[in-house]
Amino acid sequence: MTSATTSSTRPHWPVWLGLWLAAAAGLWWWWAAGRPVALPDAPSARIACVSYSPYRREGQTPYDPATFISPQQIDADLRALSRRFDCVRTYSEGQGLDAVPAIAGRYGMKVLLGIWIGRDPVANQREIALAAAAARAHPEVLRGVIVGNEVLLRGEQSSAALAGYLRQARALLPPAVPVSYADVWEFWLRHPELASSVDYITIHVLPYWEDDPVPPERAVQHVADVYARVRAAFPGKPVMIGETGWPSAGRPREAATASLVNEARYLREFLRYAATVRMPYNVIEAFDQAWKREQEGTVGGYWGIFDAHARPKFPMQGPVTEIPRWWLGPLAGLAMAGLFVMVGGWRRHWRGGRGWLALTGAGLGSGTALAWQVRQMIYACGPWWEWAISLGACLLALGTALVLARALAAWLAGAAAVPAGARLRFGWLFALAYYGLLLVFDGRYRDFPLGLFALPAVGYALLALLGRVAQAPSTREERFLGVLLLVLGAVVLVQELGLSPAAWLWFALNVLLAAPGWFGRPRRIVHPHQ
């Protein structure tokens, strides 16, 4: 028996197993995401205070000086929010937000008035003047004035300069209005000298964003521990939690997974805790903010209790479902299976049911993976060019999967092998290595595009199980990229401390795509019955 024949008669059951495990995993993921999850009920649907940034409509962003939020939009927002919240916290006074106190008063709401302090001293003076005018006109509405938000965290002012802005604002505000400064809790502990300049301490506690991210099951206990620690550090000074919450979409951070279920769970559990200690608090935030994705990646846009269309994202009682229309994923898999059967069977050189079965499995797995990727794109993509790049990448992945499925079906059906896109494989190796470098060196705000890379990674790995038939010999460059992928995937896994399932899947895709280049050169292709 020749070496070529030995390669061609290699057992096929591992390939069949891998093919249908991949398809079943895609179907299972969508099914699991559609199951209602039982969560503890919140004590009430009503919440004490919520961060209000009105930039939820297309093109609205605080970075554009031309952006102006009309009183009509603010009125509509606060009228809706007044049904669930007693108070709103603002962050600046420009771009029309100085109208918030007057409008909030119409609906019986209180306001934590925010003054934005940045690097520009002229802009800072303008903010203070606008806030002072609004406060003097509506002092009865104000629960307090927060002069500066995370200025120390951003490194834009010193604590001494902040103290000066606090003194200036206090001199212009009505005497009865309390004044504070808001920052991440660690920065208050680093700068205790600021306490003498404020009436109360305002801290931000966001378990997801901690340097050591806290998983949702321990998040509220973490908040309680931080709150107790800060109160002990500033005895006699009231402490308010000025921001706390959880994102509903975006990349995981170690064991802290951004999801709708986790957002609902955290908020409900936090409200139960807050009710037991009677502490002042503010939840971030009212609406999802698409503009924040420019700063914080996908996750930045999805901290809202309501979506960008002012619709509640989850109930405060009863079970919560991550993807209510979960059946769209399996439906995409079935549609893709039909496409693979139609395209893969065109001008075929094989007979029998094994080829059709292989095309069906490849289509199911590819369709469910691409549907996952499209769902991620809906959350992540903003400008048209992001959509164009993402859709182009998905079409390329689909084309690669079709090429690989045709080759796989031909070989499993016992026919002469067909080309399997060896040049495409080098392109995918390069693309995966490039994105891996981005994740390693600048990955804090980057998503894991698992659905996109799953198609070529699984396809080439399945062909490798068949002895890498119908593929060109691995080049030195491909072998180098294969080693690089293994290293980069391992580094990402270490960065996530091995706690993120997404990081493990990313590592697995790196291994699968790199593996065919590690098995030596392929043998000459011979028909199984030749």
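What counts, and at which threshold
Counting restarts for each chain, with residues numbered from 1 along the sequence as it is written. Confidence filtering applies because this is a predicted model: local features only for residues at pLDDT of at least 70, side-chain atom pairs given and counted only at 80 or more, and all residues used for totals across whole chains, interfaces and linings. Values shown for side chains rest on all heavy atoms present in the structure; no hydrogens or waters enter the calculation. Here a helix means four or more residues in a row that DSSP labels H or I, a strand means two or more in a row labelled E, and each is numbered from the N terminus. A simple rule labels every residue: compare its accessible area, found with a 1.4 Å probe on the protein chains alone, to the largest value its type can have, and call it buried under 20%, exposed over 50%, or partly exposed in between. Contacts are assigned to residue pairs with any non-hydrogen atoms lying within 4.5 Å of each other. Accessible surface is estimated by sampling points in the Shrake-Rupley manner with a 1.4 Å probe; for residues, cover comes only from the protein chains shown. Under the counting rule used here, the positive set is Lys and Arg, the negative set is Asp and Glu, and His together with the chain ends is not counted. To locate a charge, take NZ of a lysine, CZ of an arginine, CG of an aspartate or CD of a glutamate. Salt bridges are counted wherever a side-chain nitrogen of Lys or Arg sits within 4 Å of a carboxyl oxygen of Asp or Glu. One requirement defines pairing of two strands: DSSP has to find at least two bridges between them. For a crossover, the right-handed case is the one in which the path from the first strand over the helix to the second runs clockwise, viewed with the strands pointing away from the viewer. The patch calculation keeps residues exceeding 30% relative accessible area without a salt bridge and links them within 9 Å when they carry like charges or within 5 Å when they are nonpolar (Val, Leu, Ile, Met, Phe, Trp, Tyr). Lines are fitted to the C-alpha atoms to define the axes, a helix being fitted only along its stretch in contact, and any angle between axes, read from their N-to-C directions, falls within 0 to 180 degrees. By definition in this entry, angles of less than 35 degrees are roughly parallel, angles greater than 145 are roughly antiparallel, angles of 65 to 115 are roughly perpendicular, and the rest are oblique. Two aromatic rings, drawn from Phe, Tyr or Trp (for Trp, its six-membered ring), form a pair once their centres lie within 6.5 Å of each other, and the interplanar angle then sorts them: stacked below 30 degrees, edge-to-face above 60, tilted otherwise. A ring is considered to have a charge above it if a Lys NZ or an Arg CZ atom is located within 6 Å of its centre and within 35 degrees of its normal. Joining through side-chain atoms within 4.5 Å is the link that ties buried Ala, Val, Leu, Ile, Met, Phe, Trp, Tyr and Cys residues into a set, and such a set is a nonpolar core. The quantity known as pLDDT measures the predictor's confidence residue by residue, on a range of 0 to 100. What makes a crossing left-handed is the near helix being turned counterclockwise from the far one by less than a right angle; a clockwise turn instead makes it right-handed.

Colleague: Which residues make up the overall build of the protein chain, and what values do they have?
Modeller: Along its length, the protein chain carries 18 helices and seven strands. Counting only C-alpha atoms, the protein chain reaches 95 × 45 × 40 Å along its principal axes. Taken over 530 residues, the protein chain has a buried fraction of 55%. Looking at the protein chain alone, contacts between residues at least 24 apart form 76% of all its contacts between residues at least 6 apart. Of the roughly 23100 Å² that the protein chain leaves accessible, carbon and sulfur atoms contribute 63%. Charged side chains of the protein chain number 50 positive and 38 negative; the gap between the two group centres comes to 11 Å.

Colleague: Tell me what's going on with the pattern of salt bridges, and back it up with residues and numbers.
Modeller: This model, assessed by the stated rule, comprises 15 salt bridges. A salt bridge links Asp 199 to Arg 170; its shortest N-O distance comes to 3.0 Å. Here the residue Asp 199 occupies a position in the loop between α8 (185-190) and β6 (201-204), and Arg 170 occupies one in helix α7 (residues 159-172), the gap between them amounting to 29 residues. Arg 170 sits in the partly exposed class, given a relative accessible area of 33%. Ionic pairing is found between Glu 496 and Arg 251, a salt bridge with its closest N-O pair at 2.4 Å. Residue Glu 496 is found in the loop between α17 (476-495) and α18 (501-514), and its partner Arg 251 is found in the loop between β7 (239-243) and α10 (260-277); the two are separated by 245 residues along the sequence. Both residues of the pair, Glu 496 and Arg 251, count as buried. A network of salt bridges, in which partner residues are shared, links Asp 75, Arg 79 and Arg 106.

Colleague: Describe the pairing of strand β4 (residues 142-149), and please don't skip the residues or the numbers.
Modeller: Counted residue by residue, β4 has seven buried out of eight residues, so it is predominantly covered. Relative to β4, strand β3 (residues 110-115) runs parallel, the two sharing five bridges. Within β4, the residue paired with Gly 114 across the bridge is Ile 146. Taking the sense of rotation as the criterion, the β-α-β connection linking β3, helix α5 (residues 121-137) and β4 turns out right-handed.

Colleague: Got a sec to walk through a nonpolar patch on the surface? Specific residues and values, please.
Modeller: On the surface, Trp 327, Leu 328, Leu 331 and Leu 334 cluster together into a nonpolar patch covering about 410 Å² of accessible area. Structurally, Leu 331 can be placed in helix α12 (residues 328-344). Given the relative accessible area of 45%, Leu 331 is considered partly exposed.

Colleague: Quick rundown of the sheet that holds strand β2 (residues 85-89)? Include the residues and the values.
Modeller: One key point about sheets: their strands pair by backbone hydrogen bonds, in either a parallel or an antiparallel sense. Ordered by their spatial adjacency, seven strands build an open sheet running β1-β2-β3-β4-β5-β6-β7, and the pairing between neighbours is parallel. The sheet terminates laterally at β1 (47-51) and β7, the two strands that pair on one side only. Taking the axes of each pair of neighbouring strands and ignoring which way they run, one obtains an average angle of 30° across the sheet. Lying over the sheet, α7 contacts β3, β4 and β5 (179-184), oriented at roughly 150° with respect to β5. Packing of helix α9 (residues 216-233) onto the sheet brings it into contact with β6 and β7, and relative to β7 it is tilted by some 135°.

Colleague: Please provide a residue-by-residue account of the packing of α17 against α18, values included.
Modeller: Close contact between α17 and α18 brings their axes to 9 Å; oriented N to C, the two are set at 170°. Considering the angle they form, α17 stands roughly antiparallel to α18. Only Ala 503, Trp 504, Trp 506, Phe 507, Asn 510, Val 511 and Ala 514 of α18 make contact with α17, whose side of the interface consists of Gly 482, Leu 485, Leu 486, Gly 489, Ala 490, Val 492 and Leu 493.

Colleague: Please give an account of the environment of Met 109 that cites residues and values.
Modeller: In this structure, Met 109 sits in the loop between α4 (100-106) and β3. Expressed as a C-alpha distance, the spacing of Met 109 and Arg 143, which sit 34 residues apart in the sequence, is 9.7 Å. Ignoring sequence-local partners within four residues, the contact set of Met 109 consists of Leu 78, Leu 81, Ser 82, Phe 85, Asp 86, Cys 87, Val 88, Ala 104 and Val 141.

Colleague: Please set out the packing of aromatic side chains residue by residue, giving values where relevant.
Modeller: Counting across every chain of the model gives 22 aromatic pairs. The interplanar angle of 85° and the centroid separation of 6.0 Å between the aromatic rings of Trp 188 and Phe 234 together place this pair among those described as edge-to-face. One end of the pair, Trp 188, is in helix α8; the other, Phe 234, is in the loop between α9 and β7, with 46 residues separating them in the sequence. For the pair formed by Trp 188 and Phe 234, the shared burial category is buried. Taken together through their ring pairs, the aromatic side chains of Tyr 208, Trp 209, Trp 246, Tyr 266, Phe 270, Tyr 273, Tyr 281, Trp 303 and Tyr 445 make up a single cluster. Arg 190 extends its terminal NZ or CZ atom over the ring of Phe 187, reaching a point 4.5 Å from the ring centre. We note Arg 253 situated over the ring of Tyr 208; from NZ or CZ to the ring centre the distance is 5.9 Å.

Colleague: Help me get a handle on the nonpolar core, residues and values and all.
Modeller: Counting 89 residues, the largest nonpolar core has Leu 78, Leu 81, Ile 203 and Phe 270 as its most contacted members. For this core, the leading source of residues is α10, giving nine residues. Counting residues in hydrophobic clusters, the runner-up holds 58 residues, among them Leu 398, Phe 453, Leu 485 and Trp 506.

Colleague: Talk me through the confidence of the model for the protein chain; I want residue IDs and the actual numbers.
Modeller: Predicted confidence across the protein chain gives a mean pLDDT of 92, with 93% of residues reaching 70 or more. Counted against residues more than four places away or in other chains, residues 1-9, with its pLDDT under 50, gives 11 contacts. Across residues 520-530 the pLDDT falls below 50, and counting only partners more than four positions away or on other chains, this stretch makes 25 contacts in the model.

Colleague: Report on the packing of α12 against helix α13 (residues 353-380), specifying residues and quantitative values.
Modeller: Between α12 and α13, the shortest axis-to-axis distance is 6 Å and the interhelical angle comes to 140°. When the interaxial angle is binned, α12 and α13 end up oblique. As for the relative orientation of α12 and α13, their crossing is right-handed in sense. The segment α12 lies against α13, with Gly 329, Pro 330, Ala 332, Gly 333, Leu 334, Met 336, Ala 337, Phe 340, Val 341 and Gly 344 engaging Trp 356, Leu 359, Thr 360, Ala 362, Gly 363, Leu 364, Ser 366, Gly 367, Thr 368, Leu 370 and Ala 371.

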